[in-house]
Amino acid sequence: MMSLWVWLFFPVFSTAQRSEPMFSAITATMLPPDYDNNPTQLNYGVAVTDVDNDGDLEMFVAGYNGPNLVLKYDKHLKRLVNIAIDNRSSPFYALRDRQGNAIGVTACDIDGDGREEIYVLNTNNAFSGRATYSDKLFKFRNGRFEDLLNDDINEHRDVANRMAGRSVACVDRKGPD
């Protein structure tokens, strides 16, 4: 009886299987390896936010043993490009934070001005206890991103986190007014 059931229903099951994969890998076309846009380095956290304030979302990638990356889709090149370039005149230069060992990142509008700030959690090789390099809180002001925790008033008040961590989150409970 069992063999009859298998013989009757097996053709139904075998025709339902796909011969082609459902997904295909497009990483090589969207984000090919190169020094500026996709360097060989350890990357951990990612936050999706409108970094350049153009209405489109970018991916902020936390660089652990290299610079942080801000990946934006370029419609003409049809791939992701890093807009946090190694050029001090770029408004996104500070976001690179080459000295940090970023392991987490989050973005939300902390001050209610309508533009999200970016908080980067750095470990600087301290997996527990006190870190030797502080976290960063980036805000767009004066035409560029600046680290608020590095402001004189905040430096003297020792507000920057110097404890090692693994993750960070931010929630905007109020939302836009």
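Structure shown above.
Residues numbered from 1 in each chain as written. Predicted model: local features only at pLDDT ≥ 70, side-chain atom pairs only at ≥ 80, totals over all residues. Heavy atoms only, no water.

**Here's the deal with the overall build of the protein**
As a reminder of what qualifies: Secondary structure elements are taken from DSSP: a helix is a run of H or I of four residues or more, a strand is a run of E of two residues or more, and numbering for both begins at the N terminus. Relative accessible area decides the class of each residue, using a 1.4 Å probe on protein chains only: under 20% of the type maximum gives buried, over 50% gives exposed, and in between gives partly exposed. Every residue pair with non-hydrogen atoms within 4.5 Å of one another is taken to be in contact. Throughout, the Shrake-Rupley method with a 1.4 Å probe supplies accessible areas, and for residues the shown protein chains are the sole cover considered.
For the protein, the count of helices and strands is 3 helices and 8 strands. Across the protein, helices and strands are ordered from the amino to the carboxyl terminus as α-α-β-β-β-β-β-β-β-β-α. Counting the 177 residues in the protein, one finds 38% classified as buried. For the protein, contacts bridging at least 24 residues in sequence account for 48% of all contacts bridging at least 6. When the accessible area of the protein is evaluated, it comes to approximately 11,600 Å², of which 56% is carbon and sulfur surface.

**Here's the deal with the nonpolar core**
Stated precisely, the cut-off is as follows: Residues grouped as a nonpolar core are buried Ala, Val, Leu, Ile, Met, Phe, Trp, Tyr and Cys residues, joined through side-chain atoms within 4.5 Å.
Ranked by internal contacts, the top residues of the largest apolar core, which has 16 residues, are Leu95 and Ile118. When residues of this core are traced back to their parent elements, those giving at least two are strand 2 (58–63), strand 5 (102–108) and strand 6 (117–122). In terms of residues, this core owes the most to one element, strand 5, which gives 3 residues. Not counting residues within four places of it along the chain, the set of residues in contact with Leu95 comprises Val51, Phe60, Asn68, Val70, Ile118, Phe138 and Phe145.

**Quick notes on the packing of aromatic side chains**
The condition is simple: Put simply, two rings from Phe, Tyr or Trp (the six-membered ring, in Trp's case) pair if the centres are within 6.5 Å, and we call them stacked under 30 degrees between planes, edge-to-face over 60, tilted for the rest.
Taken as a whole, this structure holds 3 aromatic pairs when the rule is applied. Between Tyr44 and Tyr64 the ring centres are 5.2 Å apart and the planes differ by 85°, which places this aromatic pair in the edge-to-face class. Taken together, the residues span a long stretch of sequence, with Tyr44 in strand 1 (residues 43–49) and Tyr64 in the loop between strand 2 and strand 3 (69–74) at a distance of 20 residues. Tyr44 gets classed as partly exposed once you look at its relative accessible area, which sits at 46%. Between Phe92 and Phe145, the ring centres sit 6.2 Å apart and the planes meet at 40°, which makes this aromatic pair tilted. Here Phe92, found in the loop between strand 4 (79–82) and strand 5, pairs with Phe145, found in strand 8 (residues 144–147); they are 53 residues apart in sequence, far enough to count as distant. Overall, Phe145 belongs to the buried group, its relative accessible area being 3%. Site record: aromatic cluster; members linked through ring pairs are Phe92, Phe140 and Phe145.

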